[in-house]
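Here is how the chains run, residue by residue.
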Amino acid sequence: MAARQRQARTALVAAIIGLVVAKALLSEVTLAANFACPRGISKTTLRPVSMATPPRIQMGAESGSGGFQIEETKDNSQIMAAAICFVFGLLFFPIFKGFNCGLILAVLGYTLTNGTASDALGKNESGKEFAEPVSKFGELLLKAGDSGVKTVNWAAKKVEDLQ
């Protein structure tokens, strides 16, 4: 009898988790549909919109000002690592991808590269064994952020050379 109750509870929990995931995916799809077509496709709601064309002015950098460059500092590498984590959460994280997941991963990536997460785990008695792997992962993310900064600078230099 206890095995049946456990099995029934497991099935109920799995159904609830499935409904929560389905609701999250459905809300994400409806949000995307509302963003893409906010007024619907009804012919009565669509109105022609007249827009003034912007003036065509050739914009250029002043001579000698150089191109877009990011300083290769530790702070900029930490911010770039957070940006990489945000893009990963926004686009590539399976099942729960989305803007909120991107923000959560960006904050997590920033705290990992900052060293705050490993310090907090080191102070906690049950998390001391995880402090060293977390700090190593933070260093790995910091290297990825540094590579991201160097890639942006390289791309900006190539664009400047092509102009």
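Scoring rules and cut-offs
Residues numbered from 1 in each chain as written. Predicted model: local features only at pLDDT ≥ 70, side-chain atom pairs only at ≥ 80, totals over all residues. Heavy atoms only, no water. Helix = DSSP H or I, 4+ residues; strand = E, 2+ residues; numbered from the N terminus. Contact = heavy atoms within 4.5 Å. Areas by Shrake-Rupley, 256 points an atom, 1.4 Å probe, with all protein chains shown as cover. Phe/Tyr/Trp six-rings, centres within 6.5 Å; stacked < 30°, edge-to-face > 60°. Buried < 20%, exposed > 50% of the residue type's maximum accessible area, 1.4 Å probe, protein only. Axes fitted to C-alpha atoms, helices over the stretch in contact; angles between N-to-C directions. Parallel < 35°, antiparallel > 145°, perpendicular 65-115°, else oblique. Left-handed = near helix turned anticlockwise from the far one by under 90°. Nonpolar A, V, L, I, M, F, W, Y, C, P; charged D, E, K, R; others polar. Salt bridge = Lys/Arg side-chain N within 4 Å of Asp/Glu carboxyl O. pLDDT = per-residue confidence, 0-100. Expected span 1.5 Å × (residues − 1). Polar contact = N/O pair within 3.5 Å; in protein donor to acceptor, adjacent residues only side chain to side chain.

Engineer: Explain the overall build of the chain here, please?
Structural biologist: Regarding its fold elements, the chain presents five helices and zero strands. When the helices and strands of the chain are listed from N to C terminus, the series reads α-α-α-α-α. Summarising the internal contacts of the chain: among those between residues at least 6 apart in sequence, 57% fall at separations of at least 24. Accessible surface, the chain: about 13,300 Å² in total, of which carbon and sulfur atoms supply 65%.

Engineer: What exactly am I supposed to notice about the packing of aromatic side chains here?
Structural biologist: Each pair of aromatic rings is reported with the distance of its centres and the angle of its planes. With the rule as written, the count across this model stands at one aromatic pair. Both rings, one in Phe86 and one in Phe99, keep their centres 5.6 Å apart while their planes meet at 85°; by these two values the pair is edge-to-face. Here Phe99 lies in helix 3 (residues 99-114) and Phe86 lies in helix 2 (residues 74-92), a separation of 13 residues in the sequence. Given the relative accessible area of 21%, Phe86 is considered partly exposed.

Engineer: Is there a simple way to explain the packing of helix 2 against helix 3 in this structure?
Structural biologist: Between helix 2 and helix 3, the least distance of the axes is 7 Å, while the angle of their chain directions is 150°. Relative to helix 3, the element helix 2 is oriented roughly antiparallel. As helix 2 packs across helix 3, the resulting crossing turns out to be right-handed. Every residue of helix 3 that contacts helix 2 at Gln78, Ile79, Ala81, Ala82, Cys85, Phe86, Phe88, Gly89 and Leu90 is listed here: Phe99, Cys101, Gly102, Leu103, Leu105, Ala106, Gly109, Tyr110, Thr113 and Asn114. The class makeup of the residues in the contact of helix 2 with helix 3 is 13 nonpolar, six polar and no charged.

Engineer: Explain the pattern of salt bridges here, please?
Structural biologist: Pairs can form between side chains of opposite charge once their charged atoms are near each other. All chains considered together, the criterion is met by three salt bridges. Put simply, Glu125 and Lys128 hold a salt bridge, and the shortest N to O gap is 3.9 Å. Across the pair Lys150 and Asp146 runs a salt bridge, and its minimum N-O distance is 3.5 Å. Here Lys150 and its partner Asp146 are both found in helix 5 (residues 128-162), four residues apart, which amounts to about one turn of the helix.

Engineer: Please clarify how the confidence of the model for the chain should be interpreted in this entry.
Structural biologist: It should be kept in mind that the predicted coordinates are not to be read in detail where pLDDT is low. Per-residue pLDDT for the chain has a mean of 75; in total, 59% of the residues score no lower than 70. A low-confidence stretch, residues 58-64 stays under pLDDT 50, and its non-local contacts, those more than four residues away or across chains, total zero contacts.

Engineer: Where do I start with helix 5 in this structure?
Structural biologist: Residues spaced three or four apart along an α-helix point in a common direction, a consequence of the helix completing one turn every 3.6 residues. Spanning 35 residues, helix 5 covers 52 Å between terminal C-alpha atoms, matching the ideal 51 Å at 1.5 Å per step. Those residues of helix 5 lying buried are Ala131, Val134, Gly138, Leu141, Leu142, Gly145, Gly148, Val149, Asn153 and Ala156. Where helix 5 is buried, its residues contact helix 2, helix 3 and helix 4 (116-123).

Engineer: Explain the packing of helix 4 against helix 5 here, please?
Structural biologist: In helix packing, the relevant descriptors are the interaxial angle and the interaxial distance, both defined with respect to the helix axes. Where helix 4 contacts helix 5, the axes come no closer than 7 Å and their chain directions differ by 165°. In terms of orientation, helix 4 lies roughly antiparallel with respect to helix 5. Crossing geometry of helix 4 relative to helix 5 is assigned as left-handed. Between helix 4, through Ala117, Ser118, Leu121 and Gly122, and helix 5, the contact on the second element is made entirely by Lys128, Phe130, Ala131, Val134 and Ser135.

Engineer: Help me understand the side chain of Thr113, please; the structure alone is not making it clear to me.
Structural biologist: With respect to the element layout, Thr113 can be found in helix 3. Overall, Thr113 belongs to the buried group, its relative accessible area being 6%. Within the structure, the side chain of Thr113 is placed 3.0 Å from the backbone oxygen of Tyr110, a separation counted as a polar contact. Setting aside anything within four residues of it in sequence, one finds Thr113 in contact with Gln78, Ala81, Gly138, Leu141 and Leu142.

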